Structures are given as C-alpha cells and as structure tokens.
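Listed below are the residues making up each chain.
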There are 2 protein chains.
Amino acid sequence: MSDRPIGIFDSGIGGMSVLKELRRLLPGEDFIYLGDTARLPYGTKSLQTIAKYSEQVCHKLLEYDVKAIVIACHSASSSFLNFPFELSVPIFNVVTPSCEQAALYGSPMGVIGTRATTEGGVYQKELTRLGIDMKIYSQACPLLVPLVEEAWEDDPLTNLIVYRYLAPLEKLGLKSLVLGCTHFPMLSSSIDRVFQKQVPLIEPGLALAKTLKLKQGDNFQLSKRIDSGQLRILTTDISPLFQDLSHRIMSGIEIPEPELINLN
Amino acid sequence: MSDRPIGIFDSGIGGMSVLKELRRLLPGEDFIYLGDTARLPYGTKSLQTIAKYSEQVCHKLLEYDVKAIVIACHSASSSFLNFPFELSVPIFNVVTPSCEQAALYGSPMGVIGTRATTEGGVYQKELTRLGIDMKIYSQACPLLVPLVEEAWEDDPLTNLIVYRYLAPLEKLGLKSLVLGCTHFPMLSSSIDRVFQKQVPLIEPGLALAKTLKLKQGDNFQLSKRIDSGQLRILTTDISPLFQDLSHRIMSGIEIPEPELINLN
C-alpha cells in the first residue's frame, strides 16, 4: 500500500510549486499531478463550483490507485474545507498546514491569495477549528498570478504591484505571511522586499510535506523507498503556457510530458 | 421570427461591452446574454477546448429560441473560425467585422488580445479569407484583463503596463488598432495615450452592430420594434465580480439579475 502514488491536484500548473517541495522532501514517493487547465483558474469562481470541480478531479485521481490526495490549490483547499466531500483515501489540503505553521510564529498572521481564498475567510475558520487563537489579516492579490504567468517576476513593474497590494499589511506587525496561492513563491523576493525580510514567508508546499510525514497511520503510509520516486502529469487541456511556466516553477528540473485527460 | 431574441455569449462578464453597443444601436432587440463564468477565461485555453465549450454554450442558447447567436468573446470567435460547427441559426463573431472595419483604414492594422486570440493568427487568416491584403501586427496583453477586473482602469500602474505592451506597436505606423478582447474598451483612454490618439481604435461591438444590420436576409431579420428590447442574463457560476464589473462595463445602465444555469 505504501508504494502507491500520491495524487496531487491544482486548477492549473501553479501547483507544481507544491509538487516541487513534496518531491524534494519525499524523494521516494511516486506522484500523479493533475492540472485542471481546461477550467483554470479556480480562484475567480464560487466555492460551490470549485467544490464540484475538485470532487470530479479527485474521482479521476482515484482511477490511478492513489493512496492519498493533496489539494495543492488554495482556492480548492478553501472550497474543500467549506464544502467537504468523502473519499476512500485521505485528503490533505494546503490551508491546514499553513495555519499550523503560522501558529508557531504567533499572532497576527497575514494571508495573501486569490479572491476565493481570502474572501471565503477559510484561514480564520480553520484557525478556529484547530483551536488556535490568532488575529489574521488577509489581502486578495489577483494580479500576481498573471504577472508570474507573463514571466515578469523580476520586472520593476511587478515590484510596484506587489508593493501596492502589500503596503497596507506592512504596518500591521505581522509575525508571518502565508503565500496562499501556488504562484506566489515565485514572487518571494519581491514580497520580502516590501517587508524588508522581517516577516517569515510560509510556503505551503514545505508545511504540507511535514504534515504528510506526521499524519502517517493505519490509512496512510509514506513509501519506505529513499529515492527514485516517479512522476506523471495529467492535464485537462493542452496549455500553451505549460512548458515555460512548469520549467520556471520547477527551477529547470526535468518533468515528463503531460498526458491529456477528460473530466466531463 | 424577427422578434425572437438574439443570443450573445462570452466566457464571462466582459462580453457586456459588446452587448452594450448592440443594445445601444439595436434598441428594439431582445437579447439573452450567457456568460460561462464557471469556466472563464477562455483566452488561456486551447482553441479545441474553447470550441467544445462554445458549442455547448450555443446549444444551450438554442433552448431559449434565439434567432441568431453573437460570439462576443474574441477567443471563442478565433476558435470558431478555426473549428466551425453547424447550428440551425446564423452565428456572428467579433473578428470578421473588426477585419472589415480595419480594411477601411488601410494597412497595417494592429490587434491586441489574449494569447488564444493573437497566437492563433485568426485575424491574418480571416483577412485572407475575406480577400483583404493587409499587413497585421499583433500583441498579446494578458495582464490587461485582470487589471480591468481589479478596477484599476484609471490607475497610473495600468498606464505603465499598457505602455509596456503597446510601445513596440507605437513605432509601426498602424492605421488602426483592434481592441481584440472584451475588456479592452475599458482601457481605451490609456491605450489612446500610447498612440497620442493618432490611431483609431476599433471596438468590435460597434463593428458587429453594423454587420447585424447588413446581414439581414431570409434566415435572419432584426426586429421591427424601435425600442423596449428586453434583456436576460444567464451565467454558469455565481461570480463575486459580477455586480461591480457588469456595472462598470455597462456604464451604470440597469441590468437584470443573472440566472444561474448549468452546462455540464
């Protein structure tokens, strides 16, 4: 059982930032990554619609005999925590580990993400569910996703836009800031600049890898292999951005060609 | 027959810029607007996937007894011209009328739009099909859509980004520039600034309204009514942006509440 693959999904390609950290920290695991590129992004859609899409994606991943599913998309994680559904395997999301890690740094925490993530109030609800008493400030930053997709991470215009979004947070004495969207780790140097590197940035992929190690039990075991984990990539559309964006996110690490699948 | 509604569709809310012009110029017509907000945007997806979505949308509009369908989305128009499908009513797109209008201004013409629109080369193909010999320059401007959705039309940052995209076109002696994305008419003052108002901007909604008047015949007739045309709005998701964006695009004109429908 422990050598079965872990399924991981995102609305598109950005979730590879989470995949990258998981592969680095769990190099013996096989992963099947599913990017729902035919319906991306999820972040502008309602939580109900995202829940419907997520459930379709999870059922598709079960066909590949995955032992667990990681929701790498923050909007889908938000939706799942609001509208959970039952599966035959454990489901992990990126919101819970980020909250747990932010708690270690103390109050207040900051969260940046898409509208679906920040306006859904999911981090506040998750802190409450976890019994963590923390003040939270959040900011929707919808333009940061297309900026990364344009490969403008190092462009001065990007610094200006990041500053526009984050300057109001800079005065609030944040103890940590959750990069609550898969694309945002690509902008960490620009974000660090706003906070003069005084606020720790929480990368959900890292937080999640720790959670996977800790949450092993009767229904979920990591592989005993120490390396050579395999990767398959499935997408629901041929995305013209795939090659460029996936290579930038994976820092040039070799990845297989995506296999086109159909969800509806 | 002539009093049946005209169906008009877009991947989302932006197509209301076309609807607005059609209602202004054809005030006696009933319109049914369908925004496929559950799968927006189309502009980042493959032409094949867009074709599949467009055909589903058109079949849904036929259930409302429309007499014709207007594809207000440029990406969907591009896809349709590459992968046409048959329907029982006439289909109009936004690319053909823009090419015809650009021809009146002469060569070269410019086109700005999403990647799906500019990289598909559809304007060049359409000019060829129409027998118009013109040089064409195009530029994908993916960031302009989220800028409009953030309501940053009048922000200095928007001017900087518009300038970044359009400066290379400014030196090419364009005789006209097609605003080849539904959101772009909202940025026309910023775009005009780059070209010092020396290049006429082609708004596809206007060009299309003229086409509808000209293309009447046995299978398509405009209404004989002179005003009081009705409007229904259908969307595939409850979009948190709907109220704000639709009001800005429609310049505050009263519009009905959207009705939620399901396409798959």
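Residues numbered from 1 in each chain as written. Chains lettered and ligands numbered in written order. Predicted model: local features only at pLDDT ≥ 70, side-chain atom pairs only at ≥ 80, totals over all residues. Heavy atoms only, no water.

**Thoughts on the interface of chain B and chain A**
- Between chain B and chain A, the residue contacts involve 33 residues of the former and 33 residues of the latter.
- Of all residues in chain B, the largest losses of buried area upon contact with chain A belong to B:Leu143, B:Glu150 and B:Arg164, amounting jointly to 18% of the total for that side.
- Where chain B touches chain A, the interface holds four salt bridges.
- Salt-bridge contacts for B:Asp155 lead to A:Arg164; the nearest nitrogen and oxygen are separated by 2.3 Å.
- There are 14 residue pairs in polar contact (both at pLDDT 80 or more) connecting chain B and chain A.
- Of all elements in the fold, only α2 (47-62), α5 (115-119), α7 (144-149) and α8 (156-170) of chain B reach the threshold of two or more residues within the side of chain B that touches chain A.
- Among the elements that take part in the side of chain B that touches chain A, α8(B) stands out by supplying five residues, more than any other.
- A per-class count over the side of chain B that touches chain A returns 16 nonpolar, seven polar and ten charged. (Contact = heavy atoms within 4.5 Å. Buried area = accessible area lost by both parts, 1.4 Å probe. Salt bridge = Lys/Arg side-chain N within 4 Å of Asp/Glu carboxyl O. Polar contact = N/O pair within 3.5 Å; in protein donor to acceptor, adjacent residues only side chain to side chain. Helix = DSSP H or I, 4+ residues; strand = E, 2+ residues; numbered from the N terminus. Nonpolar A, V, L, I, M, F, W, Y, C, P; charged D, E, K, R; others polar.)

**Details of the packing of aromatic side chains**
- Under the definition given, this model contains eight aromatic pairs over all chains.
- Between B:Tyr42 and B:Tyr53, the ring centres sit 5.7 Å apart and the planes meet at 50°, which makes this aromatic pair tilted. Of this pair, B:Tyr42 sits in the loop between β2 (31-35) and α2 while B:Tyr53 sits in helix α2; the two residues are eleven residues apart in sequence, bridging distant segments of the chain. In this pair, the class of B:Tyr42 matches that of B:Tyr53, namely buried.
- Directly above the ring of B:Trp152 sits A:Arg164, whose terminal nitrogen or CZ lies 5.4 Å from the centroid. (Phe/Tyr/Trp six-rings, centres within 6.5 Å; stacked < 30°, edge-to-face > 60°. Buried < 20%, exposed > 50% of the residue type's maximum accessible area, 1.4 Å probe, protein only. Lys NZ or Arg CZ within 6 Å of the ring centre and 35° of its normal.)

**Remarks on α2(B)**
- With 16 residues, α2(B) ought to run about 22 Å at 1.5 Å a step, and its terminal C-alpha atoms sit 22 Å apart, in line with that.
- Every buried residue belonging to α2(B) is among B:Leu47, B:Thr49, B:Ile50, B:Ala51, B:Tyr53, B:Ser54, B:Val57, B:Cys58, B:Lys60 and B:Leu61, and all of these are buried. (Expected span 1.5 Å × (residues − 1).)

**Describing the nonpolar core**
- Within the largest apolar cluster, 105 residues are counted, with the highest numbers of intra-cluster contacts made by A:Met16, A:Leu22, A:Leu166, B:Met16, B:Leu22 and B:Leu166.
- Not counting residues within four places of it along the chain, the set of residues in contact with A:Met16 comprises A:Tyr33, A:Ile233, A:Phe242, A:Ser246, A:Ile249, A:Met250 and A:Ile255. (Core = buried A, V, L, I, M, F, W, Y, C linked by side-chain atoms within 4.5 Å.)

**Brief notes about the pairing of strand β9 (residues 231-235) of chain B**
All names here are of chain B.
- Extensive coverage of β9 is indicated by the burial of four of its five residues.
- In the sheet, β9 pairs with strand β10 (residues 259-260) via two bridges, with the strands oriented parallel. Opposite Thr235, over in β10, you have Leu260 as the bridge partner.
- Running through helix α11 (residues 242-249), the crossover from β9 to the neighbouring parallel element β10 is right-handed. (Pairing = 2+ DSSP bridges. Right-handed = clockwise from strand over helix to strand, strands pointing away.)

**Overview of the domain arrangement of chain A**
Residues and elements named next belong to chain A.
- Taken domain by domain, chain A comprises domain 1 (6-93 + 207-260) and domain 2 (96-204).
- For domain 1 versus domain 2, the separation of C-alpha centres amounts to 21 Å.
- Contacts between the two partners involve 28 residues from domain 1, matched on the other side by 27 residues from domain 2.
- For the pair domain 1 and domain 2, the two sides together bury roughly 2000 Å², of which 55% comes from carbon and sulfur.
- It is His74, Ala207 and Arg248 in domain 1 that bury the most area against domain 2; as a group they hold 31% of the surface buried on that side.
- Counting across the domain 1 and domain 2 interface gives one salt bridge.
- Glu153 is paired through a salt bridge with Arg248; the nearest N and O atoms lie 2.8 Å apart.
- The tally of links from domain 1 across to domain 2 stands at ten residue pairs in polar contact (both at pLDDT 80 or more).
- Listing elements by their share of the side of domain 1 that touches domain 2, those giving two or more residues are α1 (16-25), α2 (47-62), α3 (74-82), α10 (204-214) and α11 (242-249).
- With five residues, the top contributor of residues to the side of domain 1 that touches domain 2 is α3. (Domains from an automatic or database assignment.)

**Considerations on the sheet that holds strand β7 (residues 176-180) of chain A**
Residues and elements named next belong to chain A.
- If you walk across this open sheet you meet the four strands as β6-β5-β7-β8, and the pairing is parallel. Looking along the sheet, the strands with just one partner apiece sit at the ends: β6 (136-140) and β8 (201-202).
- In this sheet, β6 lies alongside strand β5 (residues 109-113) in parallel orientation, the contact comprising five bridges. Paired with Gly110 across the bridge in β6 is Tyr137.

**Notes on the pattern of salt bridges**
- With the rule as written, the count across this model stands at 27 salt bridges over all chains.
- A salt bridge links B:Lys67 to B:Glu29; the nearest nitrogen and oxygen atoms lie 2.7 Å apart. On the criterion of sequence distance, the pair formed by B:Lys67 in the loop between α2 and β3 (68-71) and B:Glu29 in the loop between α1 (16-25) and β2 is long-range, its members being 38 residues apart. Summarising the burial analysis for this pair, B:Lys67 and B:Glu29 share the class buried.
- B:Asp30 serves as the salt-bridge partner of B:Arg225, at 3.4 Å between the closest nitrogen and oxygen. In this pair, B:Arg225 is assigned in the loop between α10 (204-214) and β9 and B:Asp30 in the loop between α1 and β2, connecting sequence segments 195 residues apart.
- One salt-bridge network, in which partners are shared between bridges, spans A:Arg115, A:Glu119 and B:Glu150.

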